[in-house]
Amino acid sequence: MKMSNEKGFSLIELLVVVVIIGIVAALAVPAFQRAITAAENRSVQATMKTMSSGQAMFFSQNKRFADLAELNTIQVGLGTMIDADRMQRNKFIFEMEPLVPTDAQLRDGYTIAAYRDANGITYRFQLTNAGVVRTLPDAESDF
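Notes on the structure follow.

**As for the sheet that holds strand 2 (residues 86-89)**
Here comes step 1: With antiparallel pairing, six strands are arranged side by side in an open sheet as 1-2-3-4-5-6. Two strands in the sheet have a free side with no partner beyond their single neighbour: strand 1 (80-81) and strand 6 (133-135).
Here comes step 2: Pairing geometry for strand 2 and strand 3 (residues 92-96), over four bridges, is antiparallel. Note on strand 3: the bridge partner recorded for glutamine 88 is isoleucine 93.
Here comes step 3: Of the strands in this sheet, strand 2, strand 3, strand 4 (111-118), strand 5 (121-128) and strand 6 touch helix 1 (residues 11-62), which is tilted by about 20 degrees from strand 5.

Have a look at this one:
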């Protein structure tokens, strides 16, 4: 019998490699998506801390806190105004509570909420004049 000198991989070897790659991808993709969501959530918290410092500066000059449009004007690049009362930054929508606060309400304090919907989960964060960013209970913790 003559031995052949064929080089290359057999079909079985190639199938094993494809199955292994498929298993690794099936495990890695959801973990990667969770990591992206967690990074976006941390980014919105950092944005809210920036808003808090801007609010403190605005209050010291005007004896009241800023609404979102004013805050976005003094802190360039904070987000894009969707309408007069809502701002968007990345995938989050920011709005004040109440949506259109009066000057009297802004003298007493402010509340800014940020929310987004991702894969059926609503992520909600809230910033108050105390400077504290809270995660509201709608969201599962991904970080």
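**Remarks on the packing of aromatic side chains**
Here comes step 1: Per the stated rule, a full pass over the model turns up three aromatic pairs.
Here comes step 2: Here phenylalanine 92 and phenylalanine 125 contribute two aromatic rings whose centre-to-centre distance is 5.9 Å and whose plane-to-plane angle is 55 degrees, an arrangement assigned as tilted. You can see phenylalanine 92 sitting in strand 3 and its partner phenylalanine 125 sitting in strand 5, a full 33 residues away along the chain. Of the two residues examined, phenylalanine 92 and phenylalanine 125, each falls in the buried class.
Here comes step 3: What links up through ring pairs into an aromatic cluster is the set Phe59, Phe65 and Tyr110.

Cut-offs and rules
Residues numbered from 1 in each chain as written. Predicted model: local features only at pLDDT ≥ 70, side-chain atom pairs only at ≥ 80, totals over all residues. Heavy atoms only, no water. Pairing = 2+ DSSP bridges. Helix = DSSP H or I, 4+ residues; strand = E, 2+ residues; numbered from the N terminus. Contact = heavy atoms within 4.5 Å. Axes fitted to C-alpha atoms, helices over the stretch in contact; angles between N-to-C directions. Phe/Tyr/Trp six-rings, centres within 6.5 Å; stacked < 30°, edge-to-face > 60°. Buried < 20%, exposed > 50% of the residue type's maximum accessible area, 1.4 Å probe, protein only.

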